[in-house]
Amino acid sequence: MRKRSLVAALFAVGVVAAIYALTHLSTFRGRRPAGKFSQRLVILGFDGLDPALVGKWMKAGRLPNMKRLAEQGGMYPLATTQSPESPTAWASFATGVNPGKHNIYDFLVRDTTTYLPDLGMVRREPARFLFDYVPYSKPKLLSIRGATSFWVTAGKAGVRSSVLTVPVTFPPEEVPNGELLSGLPLPDIRGTMGTFYYFATDLSRYEEGNTEFGGILKRLVVENDVARTEIIGPPNPIIKQKIQAIRAKGPSPSPADRAAIAELQATEDVRVSFTIRWNRPAKSATVEIAGQSLMLEPGKMSRWIDLDFRVNFLVRIHGMAQLLLMNANNELQLYISPVNWKPDRPPVPMSSPASFSGDLFERLGYYRTLGWAEATWPLNEGRIDEKTFMEDLYKAFDDRAQVILSRIDSREWDVLVGVIESTDRVQHMMWRFMDPRHPMYDATLAAQFGDSIERVYRRADQFVGEVLEHIEPGTPVLIVSDHGFHSWRKAVNLNTWLVQQGYMALQGQQPGEKKLDDLFGGGEFWENVDWSHTRAYAMGLGQIYFNLRGREGKGIVSPGAEARQLADELSARLLTMTDPDDGSPIVRAVYKRDDVYTGEYLANASELQVGMEDGYRVSWQTTLGGSPPGIVYPNMKKWSGDHGGYDYATTSGVLISSRPITRHGSAGASIMDIAPTVLKYFGLPIPGDIDGKPLF
């Protein structure tokens, strides 16, 4: 029996080695063959570029390169999707269809049986282990995006494409005659959108743990000027599978199941220990980690360091991070970035071909791989300041820019698509300094950072100029954004409103506040919801789902006439929501699923999509399914600008084209129009299921 087990184990190791070799086999080391098309096209995406701000600063002469392109062709508002969220809109950009055909409606999806939410866009199949130890298959990640991207359709016809950090391109799809480097939702090493780490001597024991959004705080205990601590890395996939198996039983675990989950969670995460040596006289510190010694000075980001997280003797997960000593004076404070995937050794492929990310690493050195590359979460949680955030954001911008420029210079493409998202992130965090009405407006900080958004727009314009210098004269250029922006002054608890209006029922104690770690770490959701008396519930950015009989695990609303009546009733009531402070309307429009979406994925959409007025957005707690006390309250977070959950009709993106478009005016241009425009430009037939229309 022991001999048979040994043989099985050795066989499994061999299988894993073969899988790894096949996954990382370089198929793209040499130059690509010459294309059969003479025309070329460049599409630059700037996430969240707002048409009003572009127009304002273009008129003031601060965006000369964008202005030059607009004078050659034109600048137009670009209608976004319902809801105007980045994943939804960029999926429509790629496919040319409405969300009902591509299945991306929000950052989150929910399990209709258990009501439990998870990150949208990706379905995960965990690695499999023999004897709970020996791996015999790698994890698989499958995109839930339906429809076909224009680069795949064009590639089958021989068009060579280079697709770089476009959102909703992870996991990477195979691109005929092309290359693709994944963007959002490519996660960090923990599988999240960006878990940062903050270690400090002045943290109390009560502050330790996970922040509301995306951080791990750890108190440093210093003895003889030495502190020992650890980075919490990826969950052990073996233990994680056991936790998920228990959670799958339903949204309300039994006491025994809760105890079992807690016991497993205590040993779930793989960790890397490190030591901090505090040099008080020099106000510096030395960090000893992963066999490396780094001397850190306050305010200076370290180089990238390699980190290996050892699951067991056979399995290691490779990552990389940067360290920033915040303070080494009277207190010791250390920030560590989210652990990015190492591009030459990712846990699963992050590019197509799989070797492409590693090839870029060989040519360019370290570059950020995290889909959400900017440090919004630590600024929102008050663990870094605005100056640090902006410095880091420019580095994120430059990382994306160097990848795009390097591929432009390769000349191995007919159509190149590159997206930079720093324009979105700076508006999320710094909008408060442009809006004196915002509760987080600070005149002193505004004097220093009030032009932050404009400066990033100008950096985007500078990048456009760099691209124009690198491409052949006469190459058409499209600048595209997926949505615009709004000020977010007040937060709205939609679930609390649903409770007060009698559409959602609670039992027992008022639920506590949710954290992002509840989503990723196996926390409880909906623990006090009485589903037997709940007709509707909110989750995500403005989505309201009905508790449908035959679809939800404990559904009570009958499909058909009863659901339609509920949609009419709820829509009308939502439109009556007003701000108790001044009577201002909160909801601008409510869209019913069947009125705005069509396609094979229609059943996955929420029954209602709420479109809010400028100044209001659903609360963070609503996005995570929470229902805390109160309905409307001031947004006291630094995350002060947004677009998700607003009325799509007032949240258009922008299109700047170096050649005039033939569809504008009352017909307008839509983000769904880009895909058919590309296909027509290369003389290819446009599939009949595409909703967009060519722009020229």
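Residues numbered from 1 in each chain as written. Predicted model: local features only at pLDDT ≥ 70, side-chain atom pairs only at ≥ 80, totals over all residues. Heavy atoms only, no water.

Digging into the overall build of the protein
Secondary structure assignment for the protein yields 20 helices and 36 strands. The C-alpha radius of gyration computed for the protein amounts to 25 Å, which stays within 12% of the reference 26 Å derived for 696 residues, consistent with globular compactness. Each of the three principal axes of the protein carries a C-alpha extent, and together these read 70 × 65 × 65 Å. When the accessible area of the protein is evaluated, it comes to approximately 26,800 Å², of which 51% is carbon and sulfur surface. The positive charge centre, built from 77 side chains, and the negative charge centre, built from 78, are 4 Å apart in the protein. (Helix = DSSP H or I, 4+ residues; strand = E, 2+ residues; numbered from the N terminus. Rg over C-alpha atoms; globule rule 2.2 N^0.38 Å. Areas by Shrake-Rupley, 256 points an atom, 1.4 Å probe, with all protein chains shown as cover. Lys, Arg positive; Asp, Glu negative; His and termini not counted. Charge placed at Lys NZ, Arg CZ, Asp CG, Glu CD.)

Points about the packing of helix α2 (residues 51-59) against helix α14 (residues 452-470)
Closest axis-to-axis distance for the α2/α14 pair is 11 Å, and the angle between their directions is 75 degrees. Between α2 and α14, the angle is such that the two are roughly perpendicular. For the pair formed by α2 and α14, the contact residues are L53, V54 and W57 on the first element and I453, E454 and Y457 on the second. Its residues assigned to classes, the contact of α2 with α14 comprises five nonpolar, no polar and one charged. (Axes fitted to C-alpha atoms, helices over the stretch in contact; angles between N-to-C directions. Parallel < 35°, antiparallel > 145°, perpendicular 65-115°, else oblique. Contact = heavy atoms within 4.5 Å. Nonpolar A, V, L, I, M, F, W, Y, C, P; charged D, E, K, R; others polar.)

Regarding the sheet that holds strand β28 (residues 536-539)
The four strands lie next to each other as β28-β29-β31-β30, forming an open sheet whose pairing is antiparallel. Each end of this open sheet is capped by a strand with a single partner; those strands are β28 and β30 (587-592). Across the sheet, the mean angle separating the axes of adjacent strands is 25 degrees when strand polarity is ignored. Where strand β29 (residues 543-546) lies against strand β31 (residues 608-612), two bridges are found, and the strand directions are antiparallel. Bridge assignment links Q543 to a residue of β31, and that residue is Q609. (Pairing = 2+ DSSP bridges.)

Focus: the pattern of salt bridges
Applying the stated criterion across every chain yields a total of 38 salt bridges. Across the pair R489 and D435 runs a salt bridge, and its minimum N-O distance is 2.7 Å. A residue pair is termed long-range when its members are at least 10 positions apart, and R489 in strand β27 (residues 486-492) and D435 in the loop between α12 (422-430) and α13 (443-449) qualify at 54 residues. In this pair, the class of R489 matches that of D435, namely buried. A salt bridge links K490 to D581, with the shortest nitrogen-to-oxygen separation between them at 2.7 Å. Of the two residues, K490 sits in strand β27 while D581 sits in the loop between α17 (561-574) and β30, which places them 91 residues apart along the sequence. (Salt bridge = Lys/Arg side-chain N within 4 Å of Asp/Glu carboxyl O. Buried < 20%, exposed > 50% of the residue type's maximum accessible area, 1.4 Å probe, protein only.)

Things to note about a nonpolar patch on the surface
Where nonpolar side chains cluster on the molecular surface, the patch consists of F131, Y133, F313 and L314 and spans about 440 Å² of accessible area. Within the secondary structure, F131 is located in the loop between β6 (128-130) and β7 (134-137). (Patch = residues over 30% accessible without salt bridge, like charges linked within 9 Å, V, L, I, M, F, W, Y side chains within 5 Å.)

What to know about the packing of α12 against α14
Across the interface, α12 lies against α14 with an axial gap of 9 Å and an inter-helix angle of 175 degrees. Considered as vectors, α12 and α14 are oriented roughly antiparallel to each other. Taking contact as the criterion, the partners of S422, T423, V426, Q427 and M430 in α12 are, on α14, S452, I453, V456, Y457 and A460. Residue classes in the contact of α12 with α14 are distributed as six nonpolar, four polar and no charged.

Quick look at the pairing of β31
Consecutive side chains of a regular strand alternate in pointing toward one face of the sheet and then the other. Burial analysis of β31 places five of its five residues in the buried class, which makes it a mostly covered element. Across the two faces of β31 the burial is the same, with L608, V610 and M612 and Q609 and G611 all buried. Pairing geometry for β30 and β31, over five bridges, is antiparallel. Pairing of Y591 across the sheet is with Q609, part of β31.

A closer look at the nonpolar core
One finds F93 and L570 to be the most contacted residues of the largest nonpolar core, which totals 196 residues. If we skip the residues at most four places from it in the chain, L570 touches W497, L498, Y503, A536, I544, F546 and L608. (Core = buried A, V, L, I, M, F, W, Y, C linked by side-chain atoms within 4.5 Å.)

Structural notes on unusual backbone geometry
Along the chain, F170 connects to P171 via a cis peptide bond; the corresponding omega equals -5 degrees. Note on placement: P171 falls in the loop between β9 (161-164) and β10 (178-181). Here the residue pair S352 and P353 is connected by a cis peptide bond, since its omega of -5 degrees sits within 30 degrees of zero. With respect to the helices and strands, the residue P353 is situated in the loop between β24 (351-352) and α9 (356-364). We note that N103 has phi near 80 degrees; this positive angle belongs to a residue other than glycine. Tracing the sequence through the fold places N103 in the loop between α5 (99-102) and β3 (108-110). With phi around 60 degrees, R411 is a residue other than glycine that occupies positive phi space. Along the polypeptide, R411 turns up in the loop between α11 (386-410) and β25 (415-420). A residue is classified by how much of its surface remains accessible, and R411, at 27% relative accessible area, is partly exposed.

Thoughts on the environment of G450
Relative to the assigned elements, G450 resides in the loop between α13 and α14. Sequence separation of G450 and M430 is 20 residues, and the distance between their C-alpha atoms is 7.7 Å.

Overview of α17
Spanning 14 residues, α17 covers 20 Å between terminal C-alpha atoms, matching the ideal 20 Å at 1.5 Å per step. If you check which residues of α17 are buried, you get A563, L566, A567, L570, S571 and L574. Buried residues of α17 fall within an arc of 125 degrees about the axis and therefore sit on the same side. Of the exposed residues in α17, those oriented more than 90 degrees away from the buried face are A561, R564 and Q565. Looking at the buried side of α17, the elements it contacts are α15 (494-500), β28, β29, β30 and β31. (Expected span 1.5 Å × (residues − 1). Arc of directions from axis to C-beta.)

Section: the side chain of D424
As for its placement among the helices and strands, D424 is situated in helix α12. Given the relative accessible area of 1%, D424 is considered buried. Within the structure, D424 has its side chain in polar contact with the side chain of H643 (distance 3.2 Å). Discounting residues that sit within four places of it in the chain, D424 has contacts with D47, G48, S86, W372, H483, F485 and H643. (Polar contact = N/O pair within 3.5 Å; in protein donor to acceptor, adjacent residues only side chain to side chain.)

What to know about the pairing of β10
Across the two faces of β10 the burial is the same, with G178 and L180 and E179 and L181 all buried. Two strands pair when backbone bridges link them, and β9 and β10 are joined in this way by four bridges, in the parallel orientation. Each bridged residue has a counterpart across the sheet, and for V163 the counterpart in β10 is L180.

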